[in-house]
Structure formats: structure tokens, C-alpha cells
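Examining the three-dimensional arrangement
Here's the letter readout for the chains.
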Amino acid sequence: MPLIDSKTGRVRREYDVKGLVEAARLMRGYDLAALACAGSGHAGGTLSAMDFTAALYLKVANLDPADPDWSGRDRIIWSTGHKAPALYLGLAMAGAFPPEQVATLRRLGSPFQGHPHWLKIRGVEASTGSLGQGLSIGVGTALAARLDRRPYRTYVINGDGEMQEGQIWEAAMAAGHYGLDNLVSIVDKNGLQIDGRVRDVMDIDPLVDKFRAFNWHVVVCDGHEMEEIVGAFDEASRMKGRPTAIIAKTVKGKGVDFMENVAGWHGKAPSPEEARKGLAQLGLQETVNLDGMTALAGTWQKEADARIETRMPKFGKDYWWNRQPVMKVDMDPTRMGYGRALEERGSDERIVCLGCDISGSITISKFYEGHPERAPKGKEVSRFLSLGIAEQNATSVAAGLAKEGKIPTFGTYGVFASGRNLDQFRTTVAYGRFNVLVAGAHGGVSVGPDGATHQALEDITNMAGIPGVTVVVPCDAVETRKATDALLFQVEGPKYLRFAREATPVVSTAETPFIVGKANVLRMRGVKERMIDAFETVLAERYRGEGERVAIVACGPMVPEAMRAAWILKEERGWETRIVNLHTVKPLDEAALAAAARECEAVIVAEEHQIGGVAFPVAAVILRHLGGGKTPRFGTIGVKDRFGESGAPWELVKEFEVAAEHIAAKAIELLG
């Protein structure tokens, strides 16, 4: 169907097959440019999806780009939300906005989030990002059309790796059961996911037979032959009594030779030089203005930076990381400590690692790198088992392994590790008291441009709220390594280890004490060339108060921020600060918290999390121990009841007001 004016019925524009091919080529060019401007994103899958995207938005779907909310429109839902640039460019080519605007992709405040948000752009039908959920949304919209006797159709774009999620098959069962012939799933079958080939990670075939078993009509087509694509959509429109699955066989990275069929380009953006090379291969170097889009992105970023800086508390000098000639730090991602511990201790035959498709990103792959005897072996059983994009299954598989004496660990983004599988972790692992270590990677806002769907801001509350679960949030890569080792071999039962993605300051050493359940106290002893040398760290139970005015209770990357806040307060006000590194959030070191509250005038809890995950349990301890006497002034630093945003990691630390400057400003507010 051509693009129409919904008010008059007039045709706005009609594409033939040749025009669709040209549109898809142009969309690929803008995709490369937008990803290069963003500096992050998913090149491989967006390029593989462009041909059927062009067909869907420009010819097949009933759309009015001038009125994206028109009630008679067809619904297009991107279940595979990481391919958001393809969605944005489909809307742009249809006429919703100029395609050059996608240059602000993944930048703070941009409507073009790393994963689509339906409240930010008209024409986006659903906020997606957690794989496996979009087909269920599509079933819902198709059912609503039936209930209201409306003629609109629903199209859902799925990825082939996404077929590993169990919810896909729950949705497929429901759609087949109700005979939803107004529902079409387009599966981008490019054969690759983050951890490698789909057939090696977790084979989804025979996909055609599986859909048919759920009472679906199935059409298989070449996802890069426009006539076949249009024909497949036409066949789906004529199907009665059954939903249709279009299995589009595609090439990941299509159109750019150095990206084609390379798994490494799944979650990677081209550099400006690589984007220019790709544009040249597409014959678009003169058509897509990469320099102009780069300038547009730069202007947007300058304005975003200015907005952030106006909200930052101001002090006598710039105390930001490594901007002064003193108090320097080295940076290292906390996730590296998890991988290093697994590599070092992986010779223990009891350890079994479960991969959930982001193995390299969370560093669980270090378990087998350099140790081929531990490596995944496709469909053969080894001590590294790839379970694909299936977190719920992985959780319960881990319980079964633990029941038989193994020490299983698996990890994924914290938002999935603590949310998607929460019921499985609660009922199967924790209720059974099984010895399972779950790693919640990329905790907090510092996961950056992937945006809200991938930023774990509720996971501490989720996991700590389950009886008997040990929750540890280490402060840096060194402490993460120690925590991993301790949780594997010293702590029995269910446990959750939370760590960040971005490189953060290293503030501890091999000699720094670490005991699960025992907090540390850090005290600044003077300005030094290296920040790590400026602080003394001791077990809290061995510390005796020195008349500090304020105590900052922190965990994870907020511990280095607390250290920087202590420096600010010492320089600006002459105040002494006690930092309580509460690396074990559950069980809490109540004695350390009670002592800090009893001996300091103010207590501030700093967490890179929704306020309350750490602050509320800490407040309860203080009231329980000091409720009958004088209690300190109490303040919180954390995320203020909001979802995340796309943006650069350190930019988001400022945006969400969890930087050292905000901690220091809170101390001054409390103490005057």
C-alpha cells in the first residue's frame, strides 16, 4: 500500500521495487553515518534489516507519516530493539523527519535513544530492548484489533538469536491459538549473534517447522531480494486463519564487505574512517553528508554538555578525575575482575560457566580464553555452556548444576540478571538454597548509550529483597576479583555480584582487606600524587573514630566518588570524612553503620541505583541502633525515581547527579 494522507485518502508517495532498492541503499548509508556519529551501536543487524525495513515502511504497511498516531495505521513493533536505527530510518524515509536528524543517535536528550522509546518519537509503537518481548506486544495489538473490529495489521521484527527467548514461543502459541491472521513476524535470519553463529551458540532450527507446529503460516525469502520480500508480505496479507512468519535470510553487515558475516560487528559502530569506506562501497559518499551529520551531532553534544554543567555544584577548582596534577587514578572496568578471577580459579572442576550471549562483554569468556579444555564446544557438553539469549532457562539450569555439586556462575546485563529471571532466581535458586553465583554486569547508569532498557537501576532492591541472598557490589576491578573468588569458594547459597561496564578508578590493592559481610573504612590522610596513596583502608571493625563530621556510605563505583567528595570537603571546608565501603549490601555490616551514625554528625548514602536500594536498609539499621538517642542528619545520593537515558557514561553520572560533587554538596547542605 502506498504512503497516504489519512485525512483525504490521497497518495503521498508510491514506491516500486526499484525505488525500494534505492531507498534501502540510502538507509544503509545514513545508518553508517549515524552510528559513526554516535560512536556506539549495532552495525551488523541494522544493515541486515534494511531491505525488508524499506519494503515495510514505504510500500507494505498502511502509514501516514504526517500523522503517525492515525488510528487506522498498521502497527510495526521492533522486538529486536537494538536495531533501532533501522526503525528510525524507516520512519525518516517515509517522511516523518529528515534522515539527517538521526545523527544525534544515542546522545543525551536525543529522541533517538539506543533502544526505541515510544514516548520520545511519534511512530515508534513500543519501547523495546529486552529481547523476546515484542512478539507478545504484537499479539496484544492484534487481539485489540479483533476486539474492536479494526482492519489494521501488526508487523513485528524479530531477530534469529531472539528466538532463543522462551517468551517468543509463548507468544507464538497464543497467536496460533487465536488464529491471528492480522499478525506477521519478520525474522531477520542473519545467522549471527554476539557470541558467534546462532547454530553454535544455541541452535534455533528447524525454525520453519517450529512455527508451523504453533499453527503459523511460514514464508521463507531472500531478505535482500526486494521482489521476494514484497511477495512474502503480499502472501502474508492473503493468509486467513493463521498468523504468518516471514523468515528473511539475510547477511549481517550487508553492503559493507568488511562487516559482512562478522559476528564482531553485532554491537560495534564504525569509526568515521570506516563509515567513509562503507559509504564509498555503497556509492553514497557524495549523497550522505557525513561531515554535516557529524557537525549536527557535535552541536547537540555541546548544548547537552552546557545543560549538564549548569546543574553541577561548583567549587573552588575542578576536582574531576585526573584534571588536577595530584590525586591521579588509573582506570579499569570492574567487570575485568570477574573475568580474571574465573580465569585464575577455573581449573577447579566444579566451576561451570553459563554464557548468555554477551560473554566477551561481561568477561565471563576469560574462563576459557587461553584454556581450550574449558572452551564451549558447540553441541558437545563442556564446562562453558552457551545457553544463548535465555536468562530464565540459564537460571534454572544453574540450579540443577548446583544441586549436583557444581559451582555454576552465569552473568548478563544486571537489568536482565535481576529482572527477567527474577522468579526463577527467587523460587528455583534462592528458595532451594542452591549455590549459584549470578553476575549482574553493567550495573547503574554507566552502561551509557544503550539507554534505559539496559541500565540496571533496580537490581539491588530486586535481589536483596529475596531471603538468604548474598549481594556484593565491589568498588573496583581489584575488589571485584576478590569478591568473585570469595563468593565462589567461601559463601554457600544464592549470591548476586553487581559490577559496572565502564572503566572506573582503581582505589584498592591486593593488600586491601576484603571480607564478605565486613565493611571497610577509608580515611584521607593528605593530598598525594596518587589518590590510592592518599587514603588508608582498614576493616571497619578495627577502626576507631577520629571526630569526622560526615560519613559517606557507598558501594561499587560510588566508593571512588565518595573518596573524591572527601577530598573536596577537606579542601573546601576543612572537614574530615569517614567513608564506609559497604561492598556487601546484604548481609549489612550493622556495627560499622551504627558506629558511623553514632560518631558523625551526618550520614550520606551514595548509590548508583534508585534511591533506596542501599539507603533504606542503611537508614533502618541506624534507626534500629540509635532510635532511642540522637541520630545524625541523613542524606541520600542516587537516581531519583526515573529511568535511564542514552548518553556517554560519565555524562550520565553527572546527569543523574551521582558524582562526587553532588555528594559534597549534599554534605554541605546537611551541615551548613
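**So, the sheet that holds strand β22 (residues 584–586)**
A sheet is described by the order of its strands in space; here seven strands give the open sequence β12-β11-β13-β14-β16-β15-β22, paired in mixed fashion. In this open sheet, the two edge strands, each paired with only one partner strand, are β12 (384–386) and β22. Going across the sheet, the axis of each strand differs from the next one's by a mean of 20°, ignoring polarity. Sheet topology note: the strand β15 (residues 470–472)/strand β16 (residues 495–498) ladder contains three bridges and is parallel. Residue pairing in the sheet places V472 in a bridge with L497 of β16.

**Description of helix α22 (residues 615–626)**
Between its first and last C-alpha atoms α22 spans 16 Å; for 12 residues at 1.5 Å apiece the expected length is 16 Å, and the two agree. For α22, every residue scored as buried is listed here: A615, V618, A619, V621, I622 and L626. Taken around the axis of α22, the buried residues stretch over an arc of 160°, which confines them to a single face. Residues F616, L623 and R624 are exposed on α22 and point more than 90 degrees away from its buried face.

**Some remarks on the environment of E590**
Along the chain, E590 turns up in helix α21 (residues 590–599). Separated by 71 residues in sequence, E590 and A519 have C-alpha atoms that sit 9.1 Å apart. Ignoring anything within four residues of it in the chain, the contact list for E590 reads V621, R624 and H625. There is a polar contact of 2.7 Å between the side chain of E590 and the side chain of R624.

**Considering unusual backbone geometry**
Glycine aside, residues mostly have negative phi, and peptide bonds are mostly found in the trans state. Of note, the bond from D205 into P206 is cis; its omega dihedral lies within 30 degrees of zero at 5°. Mapped onto the secondary structure, P206 falls in the loop between α7 (198–202) and α8 (207–213). The omega angle of the peptide bond from K586 to P587 is 0°, so this bond is cis rather than trans. Along the chain, P587 turns up in the loop between β22 and α21. Notably, N261 is not glycine yet its phi reads approximately 60°, a positive angle. Looking at the secondary structure, you find N261 in the loop between β9 (244–249) and α10 (272–281). Since its relative accessible area comes to 40%, N261 is described here as partly exposed.

**Description of the packing of aromatic side chains**
Scanning the model with the defined rule gives 12 aromatic pairs in all. Considering the side-chain rings of Y88 and F112, the 5.2 Å spacing of their centres and the 65° angle between planes classify their relative orientation as edge-to-face. Taken together, the residues Y88 in helix α4 (residues 84–94) and F112 in the loop between α4 and α5 (134–148) connect sequence positions 24 residues apart. Since its relative accessible area comes to 1%, Y88 is described here as buried. A relative accessible area of 3% places F112 in the buried class.

**A look at the sheet that holds β9**
Read from one edge to the other, the open sheet built from five strands follows the order β3-β4-β5-β9-β8, with strand pairing classed as parallel. Among the strands making up the open sheet, the edge pair consists of β3 (75–78) and β8 (217–222). If you compare each strand with its neighbour and ignore which way they point, the axes differ by 20° on average. Bridge count between β3 and strand β4 (residues 154–159): four bridges; the pairing is parallel. Residue pairing in the sheet places W78 in a bridge with I157 of β4. In this fold α5 packs onto β3, β4 and β5 (183–189), with an angle of close to 170° to the strand it touches most, β4.

**Quick word on helix α9 (residues 226–238)**
Taking 1.5 Å of rise per residue, 13 residues should cover 18 Å, and α9 covers 19 Å from first to last C-alpha, within 8% of that figure. Burial in α9 covers these residues: M226, I229, V230, A232, F233 and A236. End-on, the buried residues of α9 take up no more than an arc of 155°, which puts them together on one face. Among the exposed residues of α9, those pointing more than 90 degrees away from its buried face are E227 and R238.

**Topic: the environment of G468**
Here G468 shows up in the loop between α17 (459–464) and β15. Residues G468 and E391, spaced 77 residues apart in sequence, show a C-alpha to C-alpha distance of 21 Å. Apart from residues lying up to four places away in sequence, G468 is in contact with R433, P494 and K586.

**Structural notes on the side chain of K495**
Relative to the helices and strands, K495 is located in strand β16. With residues near it in sequence (within four places) discarded, K495 still touches F425, N435, V436, L437, V438, V469, T470, L487 and L488.

**Structural notes on the nonpolar core**
L56, L58, I76, Y88, Y155 and F233 are the most contacted members of the largest nonpolar core, which totals 71 residues. Of all the elements, helix α1 (residues 17–38) adds the most residues to this core, at 12 residues. M312, W567, L569 and V658 belong to the second-largest nonpolar core, a separate cluster that totals 48 residues.

**What to know about a negative patch on the surface**
On the surface, a cluster of negative charge is made up of D222, E225, E227 and E228. As for its placement among the helices and strands, D222 is situated in strand β8.

Rules used in this analysis
Residues numbered from 1 in each chain as written. Predicted model: local features only at pLDDT ≥ 70, side-chain atom pairs only at ≥ 80, totals over all residues. Heavy atoms only, no water. Pairing = 2+ DSSP bridges. Helix = DSSP H or I, 4+ residues; strand = E, 2+ residues; numbered from the N terminus. Axes fitted to C-alpha atoms, helices over the stretch in contact; angles between N-to-C directions. Expected span 1.5 Å × (residues − 1). Buried < 20%, exposed > 50% of the residue type's maximum accessible area, 1.4 Å probe, protein only. Arc of directions from axis to C-beta. Contact = heavy atoms within 4.5 Å. Polar contact = N/O pair within 3.5 Å; in protein donor to acceptor, adjacent residues only side chain to side chain. Phe/Tyr/Trp six-rings, centres within 6.5 Å; stacked < 30°, edge-to-face > 60°. Core = buried A, V, L, I, M, F, W, Y, C linked by side-chain atoms within 4.5 Å. Patch = residues over 30% accessible without salt bridge, like charges linked within 9 Å, V, L, I, M, F, W, Y side chains within 5 Å. Areas by Shrake-Rupley, 256 points an atom, 1.4 Å probe, with all protein chains shown as cover. Salt bridge = Lys/Arg side-chain N within 4 Å of Asp/Glu carboxyl O. Lys, Arg positive; Asp, Glu negative; His and termini not counted. Charge placed at Lys NZ, Arg CZ, Asp CG, Glu CD.

Take it as geometry only, folks, not as evidence of what the structure does.
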